[in-house]
Amino acid sequence: MAATPTEVAAVLADPTRFKIYESLSRSRPQAYTAHEVAEKFFLHPNVARTHLGRLEEVGLVESFLEKSGRGGRPARRYRALDRAVTLQFPRRDWLWLARLLTRTVEELGPSALAAAQRLAYEEGLTLGRALAGRVLRPSARLAGVGVDAEAPSSAAEALALESLQAALDADGAVGQGSWERRDGQLHVRFCTCALREIAEEHPQTVCSLHRSYLHGLVEALVGPVDMVAEGSMLAGDEATCDWRFCPAGAPCAALSTAVSTP
């Protein structure tokens with residue numbers, strides 16, 4: 001039987017346990033042993049094992065045995081499940097409304113979808129501008145994506161990624177993503193999705209709206225970009241959503257799949 005919101009809240013109320021769960025969610029589908037978790041959080045392995053066990057009890061984490069092939073006892077590894085955690089009192093059932101609105105957009109056809117994409121982009125842009133005022137410094141903007149003529153210093157690059165990560169982590173609608181910079185482009189991987197349930201029922205519509213929202217949010221934070229899809233979480237249980245952002249108008253491999261501004 002699934003754990004109640006109260007039980008989940010009680011488990012995540014412990015600050016260390018919450019940090020462990022947050023770390024596992026970011027790195028999903030990667031799995032770790034209790035010893036590896038203990039080393040990362042400076043805990044005794046038995047303490048780490050207890051935290052992991054409590055997370056598993058409420059269905060936030062799963063464990064499995066992995067044979068090393070070298071003999072001896074198989075190692076137990078833990079990884080976060082792709083389950084959106086929503087703790088609200090009183091309970092607010094957003095899923096039926098999301099399903100109703102999604103079906104309405106699909107019923108009305110392409111023009112309704114185009115309008116919804118534009119509004120999603122504008123929502124992301126509005127939130128991104130608000131977040132930018134709170135967490136970004138000037139050096140974290142366009143230079144971070146390689147748009148400026150002068151290449152940013154390594155310190156500025158680190159600041160840009162750190163600030164971008166902080167901005168997106170503050171927005172639960174996007175999900176937890178891990179960012180990195182390669183070849184003058186920004187890459188993000190999402191291992192969890194706040195809209196997973198409804199996206200599985202209406203993948204094309206929901207993912208296109210989520211994509212437009214993310215595009216607007218990122219453009220507000222770093223400037224004009226083209227957005228390229230490189231992987232979808234809906235491809236399988238251990239799949240992730242992977243995106244690449246390159247400066248608008250710059251050469252971008254596989255640009256045919258880029259998402260244009262609505």
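These numbers were taken from a predicted model, which means no experiment stands behind them.

Conventions used here
Residues numbered from 1 in each chain as written. Predicted model: local features only at pLDDT ≥ 70, side-chain atom pairs only at ≥ 80, totals over all residues. Heavy atoms only, no water. Pairing = 2+ DSSP bridges. Helix = DSSP H or I, 4+ residues; strand = E, 2+ residues; numbered from the N terminus. Contact = heavy atoms within 4.5 Å. Axes fitted to C-alpha atoms, helices over the stretch in contact; angles between N-to-C directions. Buried < 20%, exposed > 50% of the residue type's maximum accessible area, 1.4 Å probe, protein only. Polar contact = N/O pair within 3.5 Å; in protein donor to acceptor, adjacent residues only side chain to side chain. Expected span 1.5 Å × (residues − 1). Parallel < 35°, antiparallel > 145°, perpendicular 65-115°, else oblique. Nonpolar A, V, L, I, M, F, W, Y, C, P; charged D, E, K, R; others polar. Arc of directions from axis to C-beta. Salt bridge = Lys/Arg side-chain N within 4 Å of Asp/Glu carboxyl O. Disulfide = S-S within 2.5 Å.

1. Structural notes on the sheet that holds strand E1 (residues 32–33)
Strand order in the open sheet formed by three strands is E1-E3-E2, with antiparallel pairing between adjacent strands. The open sheet is flanked by E1 and strand E2 (61–66), the only strands paired with a single partner. Relative to strand E3 (residues 75–80), E2 runs antiparallel, the two sharing six bridges. What sits directly across from valine 61, in E3, is alanine 80. Packed onto the sheet, helix H4 (residues 45–57) meets E2 and E3 and runs at close to 120 degrees relative to E2.

2. Points about the side chain of arginine 77
Note that arginine 77 resides in strand E3. Look at arginine 77 and you get buried, because its relative accessible area is 17%. Within the local environment of arginine 77, its side chain forms a polar contact with the side chain of glutamate 36, the two groups lying 3.2 Å apart. Of the polar contacts made by the side chain of arginine 77, one reaches the side chain of glutamate 66; its length is 2.6 Å. Those residues in contact with arginine 77 that sit more than four places away from it in its chain are Ala31, Tyr32, Thr33, Glu36, Glu62, Ser63, Phe64 and Glu66.

3. Description of helix H2 (residues 15–27)
Taking 1.5 Å of rise per residue, the 13 residues of H2 would be expected to cover 18 Å, and the 19 Å separating its terminal C-alpha atoms lies within 8% of that figure. Residues of H2 that are buried: Arg17, Ile20, Tyr21, Ser23, Leu24 and Ser25. Among the structural elements, helix H1 (5–12), E1, helix H3 (34–41), H4, E2 and E3 are those in contact with the buried residues of H2. The opening residue of H2, the one whose side-chain oxygen lies 3.0 Å from the backbone nitrogen of threonine 16, is aspartate 14.

4. Notes on the packing of H2 against H4
Between H2 and H4, whose axes approach to 10 Å, the crossing angle comes to 70 degrees. Our classification of the angle between H2 and H4 gives roughly perpendicular. In contact with Thr16, Arg17, Ile20, Tyr21 and Leu24 of H2, H4 contributes His51, Leu52, Arg54 and Leu55. Of the residues assigned to the contact of H2 with H4, the class counts are five nonpolar, two polar and two charged.

5. What about H1?
Those residues of H1 that fall on the buried side of the exposure criterion are Val8, Val11 and Leu12. Take H1 and look down its axis: the buried residues cluster within an arc of 90 degrees, on one side only. Elements that come into contact with the buried residues of H1 comprise H2 and H4.

6. Quick notes on the pattern of salt bridges
By the definition in use, this model includes eight salt bridges. Close ionic contact of arginine 77 with glutamate 66 constitutes a salt bridge, the shortest N to O distance being 2.6 Å. Of this pair, arginine 77 sits in strand E3 while glutamate 66 sits in strand E2, placing them 11 residues apart in sequence. Here glutamate 66 falls in the partly exposed class, since its relative accessible area comes to 36%. The salt bridge partner of glutamate 122 is arginine 118, with a shortest N-O separation of 3.4 Å. Here glutamate 122 and its partner arginine 118 are both found in helix H6 (residues 110–135), four residues apart, which amounts to about one turn of the helix. Classification of glutamate 122 by relative accessible area gives partly exposed; the value is 36%. A network of salt bridges, in which partner residues are shared, links Glu36, Glu66 and Arg77.

7. What to know about the pairing of strand E5 (residues 185–190)
Looking along a regular strand, one sees side chains alternate from face to face of the sheet. Most of E5 sits out of view: five of its six residues are buried. Where E5 meets strand E7 (residues 241–247), five bridges bridge the pair, whose relative direction is antiparallel. Its bridge partner being in E7, leucine 186 is matched across the sheet by phenylalanine 245.

8. Thoughts on the state of the cysteines
Per the stated rule, a full pass over the model turns up zero disulfides. Of all cysteine sulfurs, the one in cysteine 241 lies closest to cysteine 207, which takes part in no disulfide; the gap is 6.3 Å. Taking relative accessible area as the criterion, cysteine 207 reaches 30% and is therefore assigned partly exposed. Since its relative accessible area comes to 19%, cysteine 241 is described here as buried.

9. Here's the deal with the side chain of histidine 187
Of note, histidine 187 is situated in strand E5. If we skip the residues at most four places from it in the chain, histidine 187 touches Ser178, Trp179, Glu180, Arg182, Glu230, Trp243 and Arg244.

10. Considerations on the environment of glycine 124
Relative to the helices and strands, glycine 124 resides in helix H6. Residue glycine 124 is classed as buried on the basis of its relative accessible area of 0%. Along the sequence, glycine 124 and serine 212 sit 88 residues apart, while their C-alpha atoms lie 7.7 Å from each other. Leave out the neighbours within four places in its chain, and glycine 124 touches Tyr213, Gly216 and Leu217.

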